[in-house]
Amino acid sequence: MKLSVIGCGYLGAVHAAAMASIGHEVIGIDVDAAKVESLSRGDAPFFEPGLGDLLRAGVDSGRLRFTTDMAGAAGSAVHFVAVGTPQRRDGAGADLTFVDAAVNALLPHLGPDDLVVGKSTVPVGTAQRLQPLVEERGASIAWNPEFLREGFAVKDTLEPDRLVYGVGGQTSDRDVATLDEVYAPAMATGTPRIVTDYATAELVKVSANAFLATKISFINAMAEIAEATGADVTMLADAIGHDARIGRRFLNAGVGFGGGCLPKDIRAFAARAEEIGRGESVQFLKQVDEINLRRRQRVVDLIVDSFDGSPNGRRVVVLGLAFKPDSDDTRDSPALDVAVRLHGLGADVVCTDPEAIGNAQRQHPQLSYVADVEESLQGAEAVVLVTEWSVYRHLDPARVGELVARRVMVDGRNCLDPVAWRDEGWTYFGLGRP
Ligand code: UDX
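For every chain, the first residue of its written sequence is number 1, and the numbers climb from 1 along that sequence. Per-residue local features of the predicted model are confined to residues with pLDDT of at least 70, and side-chain atom pairs are confined, for both listing and counting, to 80 or more; whole-chain, interface and lining totals are unaffected and use all residues. Processing note: side-chain calculations cover all non-hydrogen atoms of the structure and skip hydrogens and water entirely.

Thoughts on the overall build of the chain
Spelled out, the test is: Helix numbers and strand numbers start at the N terminus; a helix is a DSSP run of H or I with at least 4 residues, a strand a run of E with at least 2. The size measure is the radius of gyration over C-alpha atoms, and the globule rule it meets is 2.2 Å times the number of residues to the 0.38 power. Three exposure classes are used, based on accessible area relative to the maximum for each residue type with a 1.4 Å probe and protein chains only: buried under 20%, partly exposed in between, and exposed over 50%. Two residues qualify as a contact provided that any one of their heavy atoms is within 4.5 Å of a heavy atom in the partner residue. Residue exposure ignores everything except the shown protein chains as possible cover, and the areas themselves are Shrake-Rupley values with a 1.4 Å probe. All tallies of charge rest on Lys and Arg as positive and Asp and Glu as negative; His and the ends of each chain are not included. Charge coordinates come from a single atom per side chain, which is NZ of Lys, CZ of Arg, CG of Asp or CD of Glu.
Of regular secondary structure, the chain possesses 18 helices and 14 strands. Scaling as 2.2 N^0.38, a compact globule of 434 residues should have a C-alpha radius of gyration of about 22 Å, and the chain matches this with 23 Å. Expressed along its principal axes, the backbone C-alpha trace of the chain runs to roughly 70 × 45 × 40 Å. Classification of the 434 residues of the chain by burial places 54% in the buried group. Residue pairs in contact within the chain that sit at least 24 positions apart in sequence constitute 72% of those at least 6 positions apart. As displayed, the chain offers around 18,100 Å² of accessible surface, 52% of which is attributable to carbon and sulfur atoms. In the chain, which carries 43 positive and 60 negative side-chain charges, the distance between the mean positions of the two groups comes to 2 Å.

Laid out in structure tokens, this is it:
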């Protein structure tokens, strides 16, 4: 099939490359000329495992092209809208500027019977609002939320655990058939597919993210209680996680969630609920957000306490800047936030990360960055691990002990073995662990 993908960020670039890899002819469209140029060469403009190979294969096959020109969308049967919906500058709601601009720019290039497919995470009501604009051109619109995780984006796109189609209007049956054809390989392997209305499809996405954020904040709230009682939140998570109704995944207490989705999605959801007069229904999301942000301060406090309240001029090494491992994304990253807060308190902060230094540096040029982990650790008076990259999880406490000036480790992801580190003379602090 001929497809266009509008917006080539973490979502759209992966979607475009994945669709080309299953045989479609894809044109990716983005307003950022540098990004388009990089993608056209088959180079991923951000770090995502497996994306580079997929892009190169797509570009080499001739089935994957990129352009800044929206006219390139003409002739495609299906147009995916995959632009960002960041938090508004002036409030908690989602900024729909990019979605509206993308759809409006696409309208003149739509053919009759084309299908516009929203993939961006949007406030409930968005598809219905856009429907008349699209239908005026004889085309139709569906909402098909994307659940990919950064770091696993290629796999999640090619082998989704479910497909959700929100459809409406006269051509719903045909639109469902069209989407089934787009996702033929996933359909052939029996991927569950839920066909529903626009509102449900939009809400599936935000409620899934709200649930995941709540799960993380739940265990982080338990970490706060554990800290006050001497209990161990990691064992608590293991024990409650054996209950299949609860499950162990997403119960890792630590410095909390970040990234381009969870934080802004729960805020946008709460803001949208207020707009529709149901603010109280998701009021708990404000607490989910607050618990999450408190954990960042807890990590900072542990460091400050280790210096008896005076971190000024003391060298603190921050291991990790990305919001999670296997990503270079520093949007709303707890790791970067911890670094910035410590710097603000006068600490001599040195940051390192295998992939995210470039993005962090653009956001916070005031911090010091060292790419090599051993070099970064030289002379540290406290080390704080805030992104659980494999290379940090496997650090040898004896070797690191030789590099630092003082053996203090704050494990903001509860991913190190406290016994191994303490045995090497480290003062080890976890979150919610005795
Ligand atoms: C999330 C959703 O998982 C995905 O389905 C959606 O499409 C986009 O948002 P992503 O932002 O890539 O994906 O990250 P995710 O793996 O969900 O992690 C989010 C944050 O939660 C990270 O900062 C991670 O470190 C943190 N986290 C995750 C925890 O603190 N504890 C956990 O147990 C799990």
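After presenting the structure, the write-up continues.
Quick look at the side chain of K119
Cut-off, in case you're wondering: For the purposes of these results, a polar contact is taken to be a pair of N or O atoms within 3.5 Å, where, inside protein, one atom must be able to donate a hydrogen and its partner to accept one; residues adjacent in sequence count only when each atom of the pair is a side-chain atom.
Among the secondary structure elements, K119 is positioned in the loop between β5 (115-118) and α5 (126-135). Reaching out from K119, the side chain makes a polar contact with the side chain of Y183 at a distance of 3.0 Å. What K119 contacts, discounting residues up to four positions off in sequence, is L11, H15, F80, V81, W143, N144, P145, E146 and Y183.

Quick look at the pairing of strand β9 (residues 315-319)
Rule in force here: Note on pairing: two strands pair once DSSP finds at least 2 bridges between them.
For β9, a buried count of four out of five residues is recorded, marking the element as mostly surrounded by other parts of the structure. The pairing of β9 with strand β10 (residues 348-352) spans five bridges and is parallel. Note on β10: the bridge partner recorded for V317 is V350. Pairing analysis gives four bridges linking β9 to strand β12 (residues 382-385), with the strands arranged parallel. Note on β12: the bridge partner recorded for L319 is L385.

Details of the packing of aromatic side chains
The line we're drawing: Stacked, edge-to-face and tilted labels apply to pairs of Phe, Tyr and Trp rings (six-membered ring for Trp) whose centres lie within 6.5 Å, assigned for plane angles under 30 degrees, over 60, and everything in between, in that order.
For the structure on display, the rule yields five aromatic pairs. Geometrically, the ring pair formed by F47 and W389 is tilted, given 6.3 Å between the ring centres and 55 degrees between the ring planes. Remark: W389 occurs in the loop between β12 and α16 (390-393) and F47 occurs in the loop between α2 (33-40) and α3 (51-61); sequence separation between them is 342 residues. Looking at F47, the relative accessible area reads 24%, which means it is partly exposed. A ring pair is formed by F80 and Y183, whose centres lie 6.5 Å apart and whose planes are at 55 degrees; its orientation type is tilted. One end of the pair, F80, is in strand β4 (residues 78-81); the other, Y183, is in the loop between α7 (172-182) and α8 (184-188), with 103 residues separating them in the sequence.

What about a negative patch on the surface?
Put simply, the test is: Two distance rules govern patches: like charges are joined within 9 Å, and nonpolar side chains (Val, Leu, Ile, Met, Phe, Trp, Tyr) within 5 Å, applied only to residues with over 30% relative accessible area and no salt bridge. One side-chain nitrogen of Lys or Arg within 4 Å of one carboxyl oxygen of Asp or Glu is enough to make a salt bridge.
Together, D396, D417, D423 and E424 give the surface a local cluster of negative charge. By the secondary structure assignment, D423 is in helix α18 (residues 418-423).

Focus: the domain arrangement of the chain
As a reminder of what qualifies: In this document the domain limits rely on a domain assignment from an automatic tool or a database. A 1.4 Å probe defines the accessible area here, and the buried area is the portion of it lost by two parts on being joined, summed over both. Amino acid classes used here: Ala, Val, Leu, Ile, Met, Phe, Trp, Tyr, Cys and Pro are nonpolar; Asp, Glu, Lys and Arg are charged; the rest, including Gly, are polar.
If you check the domain split of the chain, you get domain 1 (2-196) and domain 2 (205-289). Contacts between the two partners involve 16 residues from domain 1, matched on the other side by 10 residues from domain 2. Between domain 1 and domain 2 the total buried area reaches about 1,000 Å² when both faces are included, carbon and sulfur atoms providing 59% of it. Sorting the residues of domain 1 by area buried against domain 2 places Q87, T121 and V124 first, and these three jointly supply 40% of that buried surface. Linking domain 1 with domain 2 are zero salt bridges, by the criterion used here. Remark: the boundary between domain 1 and domain 2 carries six residue pairs in polar contact (both at pLDDT 80 or more). In terms of residue class, the side of domain 1 that touches domain 2 is built from eight nonpolar, five polar and three charged.

Details of the side chain of T67
If you trace the backbone, T67 turns up in strand β3 (residues 64-67). You can call T67 buried: its relative accessible area is 18%. A polar contact is formed between the side chain of T67 and the backbone nitrogen of D69, at a distance of 2.9 Å. Aside from chain neighbours lying at most four places away, what touches T67 is I27, G28, I29, D30 and V36.

Section: the site of the ligand
Threshold: Near, as used in this document, describes a residue that has one of its heavy atoms within 4 Å of the molecule or strand being considered.
In the vicinity of the ligand, 20 residues are found, and the nearest of them are F147, L148, E150, F323 and K324. G258 is positioned such that a nitrogen or oxygen atom in its backbone is 3.1 Å from an oxygen atom of the ligand. One of the backbone nitrogen or oxygen atoms of F323 is found 2.8 Å away from an oxygen atom of the ligand. With four residues, helix α9 (residues 198-229) is the largest single contributor of residues to the shell around the ligand.

Looking at the environment of A335
Inspection of the secondary structure assignment puts A335 in helix α13 (residues 334-344). With 12 residues separating them in the primary sequence, A335 and F323 have C-alpha atoms 6.3 Å apart.

A closer look at the environment of Q297
Position of Q297 relative to the elements: it lies in helix α12 (residues 284-306). Considered as a pair, Q297 and D337 are 40 residues apart in the sequence and their alpha carbons are 9.3 Å apart.

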